[in-house]
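Structural overview for review
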Amino acid sequence: MPQSSSAEIYDVVIIGSGAGGGTVAHVLTAKGLRCAVLEAGPMIDPRRDFKEHKWPYDYPHRGAGPGAESYFGGGGSSGQGFTFNANFGGNELDGEPYTLADGTQFLWWRSRVVGGRTLHYARNSYRYADYDFKPYDRDGLSPNWPISYEDLAPYYDKTERLTGVAGSSAGIRSAPDGIFLEPAPPKVHELLLQKACAKLSIPCIPNRLAIITKPFNGRPACHYCGQCARGCGTASNYDSLQIQIIPALRSGRLKLFDMAMAREVVTNGQGRVTGVIYIDKRTRQEKLVRGRAVAVAGGACETARLLLNSKSSEFPNGLANGSGMVGRNLTNTVDFSVSGYLPCLEGMPRYNTDGYAQGHVYIPWWLWERHDKLDFPRGYHIEVFGGFGMPGIGSFTSYGAQQGFGKRLKEAVRREYGCTIRLAGRGEAIPNDNSYVEIDPHVVDRWGIPTLRFHYKWSDYEWKQARHMERTFIQIIEQMGGRVLPRRTGGPDASGIVLIPGSVQHEVGAVRMGDDKRMSVVNGFCQAHEVKNLFLCDGAVFVSNADKNPTPTINALAWRASDYLAEEMRKGNI
Amino acid sequence: MIPVQIGDFSRRELLKRVAMAVVAMEAIPLADAQEVHSHAIQEKSRTGAYKPKLFNKHEYETITRLAELIVPADQVSGSAVDAGAPEFIDLLASHNEKLADICTGGIGWIDTFARTLYQTTFVEARAERQIALLEQLVRARTQSEGSGSGPREPRNPGAREAINLSPGVTFFNWISRMAIDAFYTSPIGMKDLGYMGNSATSAYSVPQESIDYAFKRSPFS
């Protein structure tokens, strides 16, 4: 029994405050419902806690971390160390472990903060294509979604009208057009890329990012400092903290419980949930917050974990898990890059290449009608990185190895600075039976909550897709007159390609939606088949993980689920 | 690019104003945003000489000399020492025991090696001898990288293989990496590279001059 319980019974208790939880809180409070949000991390003040605009030399440790963490494998993947980025978390969290089955590698990024990973994510905003919802119809390798593009399109619209998305219409089937603000122009290396792509008949179009290029919904336009990953102090891009949670708090209808680690969703023994037990991390007390409905959006794997840990005589396998599908079908993104050195950029007159944090152009999948001629079934898009980036810890480490030391080192760095382009493929991985999470029977976290054990295996489809990426990127770089740079090798695949599951934080699936109650956990409105007042509103419900970054689809699904939930409540069905 | 305007507000007031505007979701004047950018730089002050937290005088001198040799001053910019590398290395090593051992152990090794070669410590050796010693480490690094696993055959059979240089290579890699980082993350290093970002601008544009320069030299000319 919890040590205390909330006096108020909220209309909806929401677990998580990222893209999913933020959307649910925003939509439901706007409809007049009273909500509670539980977030495992702290509430922050963007102005005080965001490190946007900081320089490395503002810190005596220059971004290496006070204890030189960046030099010893800490600090995340950014190279800038955790001092600067608005990650508020990482793959490793003190006291909150996860384990890996033999032979499994998986990076599980968790941001413990109000806003979750939306505070630092890339802001890529790509809609799923019509065919992305119906993969079974195309190749029979994974199930169709129970919804179609037409079902979700109005909610992509709503999301874009709220967040603002810079981009431009291109009329490409793999990349449906949305509601766009005028995009910023391409940088020099991106113009060269567009030229090379044109010769290869590959589309390369203005990127689509949840960044506003003009004043929008009362927020000032982007000021092009290139630091989205550090959190945006002017709220000129989307994060759920500033765009959804703060406005919801201002409505007076949202109660935020931060530092609240959800342990268990409780039921009434009659197939309905009645609240959530959480650990208050500040006092280590166990508390109950009561609600008429519960929306879980802790991040795909956390959502699976919470359901699996919510066992009762009514739900002995975990909440809403009669199908046994909770934790199954975990998928993520195939992440493979090739870099090239472009001699034509040596000595180029310097200019500010920061712009948006991400590339100003990108390459949507272009071979969706040719899978019969390819040896892999699903597509990928290509992101581009380059320019005179802000020097940080590790930016020029390789020059020590190549140039030795002395004046020649400085001259080489000066000559080659800004001459590298990186093409990063982001491909669809196909869910398989070997990739899932389960509760590790031997491990609990600092709060006494059983933790996850990961199982993950790539299939030949992903290796073949990555090899296609490699060939394509080399072709593009050479077309640009570039020299292909060495890439990570030593992977188990014959080609030496290295694919690290979870490396770009797009883990989705694990509690998928579907019409078939034996094969899925929730319906097309994210409502649990077995529990009418339980909704899952994050990436957990994804049936497949198309070559689109998940955030806008999480927003749209959560919005649609919220509309449905509010309507069902109004009708008295919940 | 909009120039910095300080206006009638003190910086503290400006920061407060921007913070309030953000929470209130109001539009923020661009000049204010730019002012916040530069705030951090201007608040920084350098007062007095740095007192090493970990290294003794000899160790600090050795680190300083190494940093100067790795990134020396040239006609464009100052050295890693001018950019604060010794303070940076000392500070990090004082907060990380592993790094402290790498540094003090490495200094001990390099002094032993210098005594073997020149009968002096590293810092006491003449400049050309210091450089020759480091060149030896660089060569050893290149050889070990090229030889893969298994027993290492010296490329040059005449080279003196009596001393195993690996500990020195490891140490030099560490100091080199940190000296390079300290230099390029400093205002001196940023200026050397001509980095122009991390600033607020009202509209993003790419100069035609840069486009023309790159295209003329590209396969698309």
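Cut-offs applied
Residues numbered from 1 in each chain as written. Chains lettered and ligands numbered in written order. Predicted model: local features only at pLDDT ≥ 70, side-chain atom pairs only at ≥ 80, totals over all residues. Helix = DSSP H or I, 4+ residues; strand = E, 2+ residues; numbered from the N terminus. Buried ≥ 20, exposed ≤ 12 C-beta atoms within 10 Å, placed from the backbone. Contact = placed C-beta atoms within 7 Å. Rg over C-alpha atoms; globule rule 2.2 N^0.38 Å. Pairing = 2+ DSSP bridges. Axes fitted to C-alpha atoms, helices over the stretch in contact; angles between N-to-C directions. Nonpolar A, V, L, I, M, F, W, Y, C, P; charged D, E, K, R; others polar. Core = buried A, V, L, I, M, F, W, Y, C linked by C-beta atoms within 7 Å. pLDDT = per-residue confidence, 0-100. Parallel < 35°, antiparallel > 145°, perpendicular 65-115°, else oblique. Left-handed = near helix turned anticlockwise from the far one by under 90°.

**Quick look at the overall build of chain B**
Looking only at helices and strands, chain B has 9 helices and 0 strands in total. Ordered by position from the N terminus, the helices and strands of chain B form the series α-α-α-α-α-α-α-α-α. When each of the 221 residues of chain B is scored for burial, the buried share is 36%. Considering only contacts in chain B between residues 6 or more positions apart, those separated by 24 or more positions represent 65%.

**A look at the overall build of chain A**
A tally of helices and strands in chain A yields 11 helices and 18 strands. Its C-alpha radius of gyration of 23 Å places chain A within 12% of the 25 Å reference for a compact globule of 574 residues. For chain A, the spread of C-alpha atoms along the principal axes amounts to about 70 × 55 × 50 Å. For chain A, the residues scored as buried account for 60% of the 574 residues in total. Sequence separation of 24 or more characterises 72% of the internal contacts of chain A that already satisfy a separation of 6 or more.

**Let's talk about the environment of A:Ala86**
Residue and element names in this part refer to chain A. Mapped onto the secondary structure, Ala86 falls in the loop between α2 (46–49) and β3 (89–90). Given 28 C-beta atoms within 10 Å, Ala86 falls into the buried group. With 49 residues separating them in the primary sequence, Ala86 and Pro135 have C-alpha atoms 35 Å apart. The contacts of Ala86, once residues within four sequence positions are left out, are Phe50, Leu119, His120, Ala229, Arg230 and Gly231.

**Observations concerning the sheet that holds strand β6 (residues 205–206) of chain A**
Residues and elements named next belong to chain A. Pairing in this open sheet of 6 strands is antiparallel, and the strands run β6-β12-β13-β14-β11-β17 from one edge to the other. Of all strands in the sheet, those with a lone pairing partner are β6 and β17 (483–484), marking the two edges. In terms of strand pairing, β6 meets strand β12 (residues 361–363) through 2 bridges, oriented antiparallel. Paired with Pro206 across the bridge in β12 is Val361. Packing against the sheet, helix α5 (residues 188–199) makes contact with β12, β13 (380–386) and β14 (420–428), and its axis sits at approximately 30 degrees to β12.

**Observations concerning the sheet that holds strand β4 (residues 99–100) of chain A**
Residues and elements named next belong to chain A. Here we have 3 strands laid out as an open sheet, ordered β4-β16-β15, and mixed in their pairing. The open sheet has two edge strands with one neighbour each: β4 and β15 (436–444). Across 2 bridges, β4 lies against strand β16 (residues 450–455) in parallel orientation. Across the sheet, the residue bridging to Leu100 is Phe454, located in β16. Those strands touched by helix α7 (residues 300–309) are β15 and β16, and its axis lies near 60 degrees from that of β15.

**Digging into the interface of chain A and chain B**
Each partner contributes to the interface: chain A provides 68 residues, whereas chain B provides 63 residues. Looking at the side of chain A that touches chain B, the elements with two or more residues in it are α2, α5, α8 (397–403) and α9 (407–416) of chain A. Of the residues assigned to the side of chain A that touches chain B, the class counts are 35 nonpolar, 21 polar and 12 charged.

**Some remarks on the nonpolar core**
Ranked by internal contacts, the top residues of the largest apolar core, which has 122 residues, are A:Ile14, A:Leu38 and A:Cys537. Among the elements that make up this core, the one with the highest residue count is helix α11 (residues 551–570) of chain A (8 residues). Ignoring anything within four residues of it in the chain, the contact list for A:Ile14 reads A:Gly21, A:Val24, A:Ala25, A:Cys35, A:Ala36, A:Val37, A:Ala295 and A:Ala297. Counting 53 residues, the second-largest nonpolar core is a separate cluster that includes B:Tyr60, B:Leu66, B:Leu69 and B:Met178.

**A short note on the pairing of strand β2 (residues 35–38) of chain A**
All names here are of chain A. Covered by surrounding structure in β2 are Cys35 and Val37 together with Ala36 and Leu38, the residues of both alternating faces. Taken together, the 4 bridges between strand β1 (residues 4–15) and β2 define a ladder with parallel strand orientation. Bridge pairing in β2 links Ile14 to Val37. Here β2 pairs with strand β7 (residues 254–257) via 4 bridges, running parallel.

**Observations regarding the confidence of the model for chain B**
Residues and elements named next belong to chain B. Residue-level pLDDT values for chain B average 80, and 70% of them are 70 or greater. Note on residues 1–46: pLDDT under 50 across the span, and 65 contacts to partners over four residues away in sequence or across chains. In the predicted structure, residues 147–159 sits below a pLDDT of 50 and forms 5 contacts with residues beyond four places in sequence or in another chain. Both scores are available for the predicted complex, with the pTM at 0.90 and the ipTM at 0.93.

**A closer look at the packing of α5(A) against helix α9 (residues 208–217) of chain B**
Two elements in contact, α5(A) and α9(B), have axes whose closest approach is 9 Å; the angle formed by their N-to-C orientations is 45 degrees. Looking at the two axes, α5(A) sits oblique to α9(B). The handedness of the crossing between α5(A) and α9(B) comes out as right-handed. Residues A:Val188, A:Leu191 and A:Leu192 of α5(A) form the contact with α9(B), whose participating residues are B:Ser210, B:Ile211 and B:Ala214. Residue classes in the contact of α5(A) with α9(B) are distributed as 5 nonpolar, 1 polar and no charged.

**Observations concerning the pairing of β16(A)**
All names here are of chain A. As defined by bridge partners, β15 adjoins β16 across 5 bridges and the pair is classed as antiparallel. The residue of β16 that forms the bridge with Val444 is Pro450. The antiparallel hairpin formed by β15 and β16 contains 5 residues in its connecting segment, where Gly448 sits at a positive phi of about 85 degrees.

**Comments concerning the confidence of the model for chain A**
For residues with low pLDDT, the predicted coordinates do not support detailed interpretation. Confidence in the prediction of chain A, expressed as mean pLDDT, is 94, and 97% of residues score 70 or more. Contacts of residues 76–81 of chain A to residues separated by more than four positions or lying in other chains number 20 contacts, the stretch itself having pLDDT below 50.

**Some remarks on unusual backbone geometry**
Residues and elements named next belong to chain A. The backbone of His53 shows a phi angle near 75 degrees, a positive value even though the residue is not glycine. Looking at the secondary structure, you find His53 in the loop between α2 and β3. Here Cys526, not a glycine, exhibits a phi torsion of approximately 70 degrees, which is positive. Tracing the sequence through the fold places Cys526 in the loop between β17 and β18 (534–536). Judged by the 29 C-beta atoms lying within 10 Å of it, Cys526 is buried.

**Considering the environment of A:Gln465**
All names here are of chain A. Note on placement: Gln465 falls in helix α10 (residues 460–479). Remark: the alpha-carbon pair of Gln465 and Val273, spanning 192 residues in sequence, is separated by 43 Å. Ignoring sequence-local partners within four residues, the contact set of Gln465 consists of Val334, Phe376, Arg378, Tyr380 and Gly427.

**Concerning helix α4 (residues 85–94) of chain B**
All names here are of chain B. A large share of α4 lies buried, amounting to 9 of its 10 residues. What α4 keeps buried is the set Ala85, Pro86, Glu87, Phe88, Ile89, Asp90, Leu91, Leu92 and Ala93. Residues of α4 that are buried sit in contact with α3 (57–70), α5 (97–118) and α7 (166–184).

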